[in-house]
Amino acid sequence: MNYSIIQLFIFFGVVVLGTVLTRALPFLLFPENKEIPNYMKYLADILPFTIIGMLVVYCLKNISFTKTPYALPEAISIVVIIVLHIWKKNTLLSIGGGALLYMVLVQYVFV
Amino acid sequence: MQTKKAALLAALPLTLPVFTGYLVLGTAYGILMNSKGFSLFWILLSSIFIYAGSMQFVTIALLAAGFDPLGAFLMTLAVNARHIFYGISMLKQYRGIGRLKPYLIFSLTDETFSIVCSAKVPEKVEPKWFYFFISLLDHLYWITGSLIGGILGSMLHFNTKGMDFVLTALFVVILINQWQQTTNHLPAIIGIVSAIACRLIFGPSNFIIPAMLMILFCVTVWKAPLERGNKS
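Reading the values: the criteria
Residues numbered from 1 in each chain as written. Chains lettered and ligands numbered in written order. Predicted model: local features only at pLDDT ≥ 70, side-chain atom pairs only at ≥ 80, totals over all residues. Helix = DSSP H or I, 4+ residues; strand = E, 2+ residues; numbered from the N terminus. Rg over C-alpha atoms; globule rule 2.2 N^0.38 Å. Buried ≥ 20, exposed ≤ 12 C-beta atoms within 10 Å, placed from the backbone. Contact = placed C-beta atoms within 7 Å. Nonpolar A, V, L, I, M, F, W, Y, C, P; charged D, E, K, R; others polar. Core = buried A, V, L, I, M, F, W, Y, C linked by C-beta atoms within 7 Å. Domains from an automatic or database assignment. Axes fitted to C-alpha atoms, helices over the stretch in contact; angles between N-to-C directions. Parallel < 35°, antiparallel > 145°, perpendicular 65-115°, else oblique. Left-handed = near helix turned anticlockwise from the far one by under 90°. Expected span 1.5 Å × (residues − 1). Arc of directions from axis to C-beta.

Visitor: Help me understand the overall build of chain A, please; the structure alone is not making it clear to me.
Guide: Assigned secondary structure in chain A consists of 4 helices and 0 strands. Traced from its N-terminal end to its C-terminal end, chain A shows the element sequence α-α-α-α. Against the 2.2 N^0.38 benchmark of 13 Å for 111 residues, chain A shows a C-alpha radius of gyration of 21 Å, more extended than a compact globule. Along the longest, intermediate and shortest principal axes, the C-alpha atoms of chain A span 50 × 50 × 30 Å. For chain A, the residues scored as buried account for 39% of the 111 residues in total.

In structure tokens:
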């Protein structure tokens, strides 16, 4: 890639600007001195419970049920995480155990 | 000083899954940037100031495609649109937080958001410092990871395949916790079903914005039952 320093600064700069904008927009629209409308308060209460589910799907967006390994590593690991978490209620154990199992599955079992 | 230390100690264990995930993904990013001929300066600059995992990877692809700042800007808005939901969700919690607020907003990544929106602030810990340390630690993990990748580059041969699944696991566990904390599961179901439906219709790279619109539509249409369920 042959870019000048100026071009790179512009390029990275617009990406920084765009990212900051998406993070700051709600706070810019409703600054400290402005009353948050009831509808926005409602969204603030309800959205966290919907977004985490969306994020899980986002993480799994590239899996395929029609091609090998048919999303089996993901499915098996998530089932184990759910069982482990309901059973032991230990966040780090559920996350660590699930991720370790997934690594073993993709590196040794479904290669 | 004592209150800050308490906040740091409360924040630290919650960020451990992010530590693993960011170190692995950050290293992968550093290695990739290094292989494209970028110096540590650009790796650091982008991990400190862009600080958005998927977008940083997309930036490499955009640079390879040619110099198009406007296109890159619009692409950034599209890829990061989901952040708008995080901001809306934190509007109340981050109100009146003072001089730390700009940094908390700047560093609101998927992972940091998932922790600050769901973790209970322990007693005797000031919320603002609790949120600050979660945000700062995650940010430092990401920077450290990309530095390791940038310095060691292709010398690393440890097979990390699948290790980034810690972040998926983190979200799954938060989802289970939320599910057990509430009696009304409609919000979670709306989120999952909207995302799956839009993923199937629009494909893996263009589904988040439609999913966000569908979620917004559903929670607006079902505002009354959702509010009733939330209070009980």
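Visitor: What am I meant to see in the overall build of chain B here?
Guide: The helix and strand tally for chain B stands at 13 helices and 0 strands. With respect to the principal axes defined by its C-alpha atoms, chain B has extents near 55 × 50 × 35 Å.

Visitor: Is there a simple way to think about the interface of chain B and chain A in this case?
Guide: Contacts between the two partners involve 75 residues from chain B and, on the opposite side, 63 residues from chain A. No other element matches the 13 residues that helix 10 (residues 165-181) of chain B contributes to the side of chain B that touches chain A. Taken together, the residues that form the side of chain B that touches chain A break down as 48 nonpolar, 19 polar and 8 charged.

Visitor: Help me understand the nonpolar core in this model?
Guide: The tendency in soluble globular proteins is for nonpolar side chains to be buried as a group. I134, A169, L170, F171, V172 and A211 of chain B are the most contacted members of the largest nonpolar core, which totals 97 residues. Per-element tally for this core: the top contributor is helix 2 (residues 38-59) of chain A, with 12 residues. A domain-level breakdown of this core finds at least three residues from each of domain 1 (2-165) and domain 2 (182-232) of chain B. Filtering out sequence-adjacent residues up to four positions away, A211 of chain B remains in contact with M54 of chain A together with S194, A195 and C198 of chain B.

Visitor: Got a minute to help me understand the domain arrangement of chain B in this structure?
Guide: A common way to report how large an interface is uses the accessible area buried once the components associate. Domain boundaries assigned for chain B yield domain 1 (2-165) and domain 2 (182-232). Taking only C-alpha atoms, the centre of domain 1 of chain B and the centre of domain 2 of chain B are 25 Å apart.

Visitor: Looking at this structure, how should I read the packing of helix 1 (residues 2-14) of chain B against helix 9 (residues 127-152) of chain B?
Guide: Helix-helix packing is described using two parameters, namely the angle between the two axes and the distance between the axes. All names here are of chain B. Put simply, helix 1 and helix 9 touch, their axes get as near as 8 Å, and they point 50° apart. Considering the angle they form, helix 1 stands oblique to helix 9. Note on packing geometry: the crossing formed by helix 1 with helix 9 is right-handed. Mapping the contact onto sequence places T3, K4, A7, L8, A10, A11, L12 and L14 in helix 1 and W129, F130, F133, I134 and L137 in helix 9. Looking at the contact of helix 1 with helix 9 residue by residue, the classes come out as 11 nonpolar, 1 polar and 1 charged.

Visitor: How do you make sense of the environment of S46 of chain B when you look at a structure like this?
Guide: The topology assignment puts S46 of chain B in helix 3 (residues 40-50). Placed 97 residues apart in sequence, S46 of chain B and I143 of chain B show a C-alpha to C-alpha distance of 9.1 Å.

Visitor: For this particular structure, what's the right way to read the packing of helix 2 of chain A against helix 10 of chain B?
Guide: Running from N to C, helix 2 of chain A and helix 10 of chain B point in directions that differ by 150°, and their axes come no closer than 9 Å. Judged by the inter-axis angle, helix 2 of chain A sits roughly antiparallel to helix 10 of chain B. Crossing handedness for the pair helix 2 of chain A and helix 10 of chain B: left-handed. Across from F49, I52, G53, L55, V56 and C59 of chain A in helix 2 of chain A, the residues of helix 10 of chain B making contact are L167, T168, F171, V172, I174, L175 and Q178 of chain B. Residue composition of the contact of helix 2 of chain A with helix 10 of chain B, by class: 10 nonpolar, 3 polar and no charged.

Visitor: Help me out: how do you make sense of the environment of G87 of chain B in this one?
Guide: Turning to its location among the elements, G87 of chain B is positioned in helix 6 (residues 83-90). Taking the number of C-beta atoms within 10 Å as the measure of exposure, G87 of chain B has 23 and is therefore buried. For the pair formed by G87 of chain B and I192 of chain B, sequence separation is 105 residues and the distance between their alpha carbons is 20 Å. Contacts of G87 of chain B, omitting those with residues within four sequence positions, involve R23, A24, L25, P26 and F27 of chain A together with I105 and L108 of chain B.

Visitor: I keep staring at helix 10 of chain B and nothing clicks. Help me out?
Guide: Spacing of three or four residues puts side chains on the same side of an α-helix, whose turn is 3.6 residues. For helix 10 of chain B, with 17 residues, the first-to-last C-alpha span of 24 Å sits near the 24 Å given by 1.5 Å per residue. In terms of burial, helix 10 of chain B is a largely internal element, 12 of the 17 residues being buried. For helix 10 of chain B, the set of buried residues is F165, V166, L167, T168, A169, L170, F171, V172, V173, I174, L175 and I176 of chain B. The elements touched by buried residues of helix 10 of chain B are helix 2, helix 3 (72-88) and helix 4 (91-109) of chain A together with helix 2 (16-35), helix 8 (110-118) and helix 11 (186-202) of chain B.

Visitor: Would you mind going over helix 3 of chain B with me for this structure?
Guide: Residues I43, S46, S47 and I50 of chain B constitute the buried set of helix 3 of chain B. For helix 3 of chain B, the angular spread of the buried residues around the axis is 105°, confining them to a single face. Among the structural elements, helix 1 (5-29) of chain A together with helix 2, helix 4 (53-65) and helix 9 of chain B are those in contact with the buried residues of helix 3 of chain B. Residue Y51 of chain B follows helix 3 of chain B closely and has a positive phi angle near 45°.

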